[in-house]
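Coordinate analysis (summary)
Residues per chain are reported as follows:
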Amino acid sequence: MTAASAEFRQAELSWRIAAIFRARKPAMTDLSVFPVTKKWLARFPERIQLYSLPTPNGVKVSIMLEETGLPYEPHRVSFDNGDQMSPEFLSLSPNNKIPAIIDPNGPDGKPLPLFESGAILIYLADKTAQFLPRDSAARYETIQWLMFQMSGIGPMFGQVGFFSKFAGKDYEDKRPRNRYVAESKRLLGVLDRRLADRAWLMGDTYTIADMATFPWVRNLIGFYEAGELVGIKEFSNVTRALEGFLARPAVARGLIIPAAAPAAA
Ligand SMILES: N[C@@H](CCC(=O)N[C@@H](CS)C(=O)NCC(=O)O)C(=O)O
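Structure report, in brief. (Residues numbered from 1 in each chain as written. Predicted model: local features only at pLDDT ≥ 70, side-chain atom pairs only at ≥ 80, totals over all residues.)

A short note on the overall build of the protein chain
On a plain count of helices and strands, the protein chain comes out with eleven helices and four strands. Summarising the internal contacts of the protein chain: among those between residues at least 6 apart in sequence, 69% fall at separations of at least 24. (Helix = DSSP H or I, 4+ residues; strand = E, 2+ residues; numbered from the N terminus. Contact = placed C-beta atoms within 7 Å.)

If you want it as structure tokens, here you go:
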């Protein structure tokens, strides 16, 4: 091979390598196929789009996003304006509930829309390899406690709020309220026993199960003002873990998102 042809082959090789990198460079993110972006404009379409409100289900995801450091753009879904019932929001979250996300860079580099806070937490944990143990048994154990929150803690505490603070408080028949208070106490007992010899639900490891659970305990005591009703003082392991949770800087930030974000157009 002559010196000239060796030089030519070298140049060709460099060009091919550069072409591979050019091909890998992410294309301009286009989220316009998602109708939700017509109502809530994506100013940073390359970031995860979060549609939420600082409610106990909403903050699970903003806390996770703050904990992981993933770049995201929050959008406020105002219940006062009925935003959750708008066709644009329903196209993303057909159950008219926050939180929901679109990750422009989902599996295979394609955008991924997702609703249901538990599914979103698992997805973000897998995406970042954080807050969900890799070891298979510990992973399922974490998901088990996450599901315990999703199916028990959230729905039951929510009913306590309805029957003790909101419309249901004026019902003469107190049996529904008493039933949900009793069930919530029982669930707090389960949590308290789990936390008796552990800092967090999974021991020393802080996980998405904690991020799902403690916003609800905080809400029960704070916004619902039902601490006394459920006898929260009896559950000192729960309140100790709640304190640790609230002391985390990412939690403090996540709890107020997206209150200050721009509302829908
Ligand atoms: N299982 C759902 C529940 C979500 C949920 O209940 N969100 C409430 C706020 S905390 C909501 O969007 N309510 C609006 C409505 O029902 O119209 C999840 O965990 O994502």
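Considering the packing of helix α3 (residues 58-68) against helix α8 (residues 208-221)
Orientation of α3 relative to α8, taken along the N-to-C sense of each, is 140°, at an axis distance of 9 Å. The angle between α3 and α8 places the two elements in the oblique class. Considering only the axes of α3 and α8, their crossing is right-handed. Contacts between α3 and α8 involve V59, K60, I63 and M64 from the first element and I208, M211, A212 and P215 from the second. Broken down by class, the residue content of the contact of α3 with α8 amounts to seven nonpolar, no polar and one charged. (Axes fitted to C-alpha atoms, helices over the stretch in contact; angles between N-to-C directions. Parallel < 35°, antiparallel > 145°, perpendicular 65-115°, else oblique. Left-handed = near helix turned anticlockwise from the far one by under 90°. Nonpolar A, V, L, I, M, F, W, Y, C, P; charged D, E, K, R; others polar.)

What about unusual backbone geometry?
The omega angle of the peptide bond from I98 to P99 is 5°, so this bond is cis rather than trans. Even without glycine at this site, A129 takes up a positive phi of about 55°. Its location among the elements puts A129 in the loop between α5 (117-128) and α6 (136-164). The phi angle at F131 is positive, at roughly 65°, despite the residue not being glycine. Summarising the element assignment, F131 is placed in the loop between α5 and α6.

Section: the nonpolar core
Counting residues in hydrophobic clusters, the biggest one holds 36 residues, and the most contacted among them are Y51, M64, I101, L121 and I208. Among the elements of the structure, β1 (48-52), α3, β3 (100-103), α5, α6 and α8 are those that each provide at least two residues to this core. The greatest single-element share of this core, amounting to five residues, is contributed by α3. Setting aside residues no more than four positions away along its own chain, I208 makes contact with M64, L121, I122, A125, F131, L132, T142 and L146. Counting residues in hydrophobic clusters, the runner-up holds 22 residues, among them Y180, L191, F214 and W216. (Core = buried A, V, L, I, M, F, W, Y, C linked by C-beta atoms within 7 Å. Buried ≥ 20, exposed ≤ 12 C-beta atoms within 10 Å, placed from the backbone.)

A short note on the packing of α6 against helix α7 (residues 175-194)
Contact geometry of α6 with α7 gives a least axis separation of 9 Å together with a crossing angle of 145°. Crossing handedness for the pair α6 and α7: left-handed. Touching G152, I153, M156, F157, Q159, V160, F163 and S164 of α6 are P176, R177, Y180, V181, E183, S184 and L187, all from α7. Taken together, the residues that form the contact of α6 with α7 break down as nine nonpolar, four polar and two charged.

Overview of the sheet that holds β1
Pairing is mixed in the open sheet, where four strands are placed in the order β2-β1-β3-β4. Sheet topology places β2 (72-76) and β4 (112-115) at the edges, where each strand pairs with a single neighbour. Going from strand to strand, the sheet's axes swing by 15° on average, the running direction of each strand aside. Here three bridges tie β1 to β3, and the two strands are oriented antiparallel to one another. For Y51, the partnering residue across the bridge sits in β3 and is A100. Seen against the sheet, α3 touches β1, β2 and β3 and runs at an angle of roughly 150° to β1. (Pairing = 2+ DSSP bridges.)

Re the environment of K185
Note that K185 resides in helix α7. C-alpha of K185 to C-alpha of M156: the two residues are 29 residues apart in sequence and 9.8 Å apart in space. Setting aside chain neighbours within four positions, we find K185 in contact with V230 and G231.

Remarks on the pairing of β2
Summarising burial for β2: five of the five residues are buried, a large majority. Along β2, one buried face is formed by Y72, P74 and R76 and the opposite face, lined by E73 and H75, is buried too. Relative to β2, β1 runs parallel, the two being bridged by five bridges. The residue bridging S52 from the neighbouring strand is R76, located in β2. Once the chain exits β1 it traverses α3 before rejoining the sheet at β2, and the crossover so formed is right-handed. (Right-handed = clockwise from strand over helix to strand, strands pointing away.)

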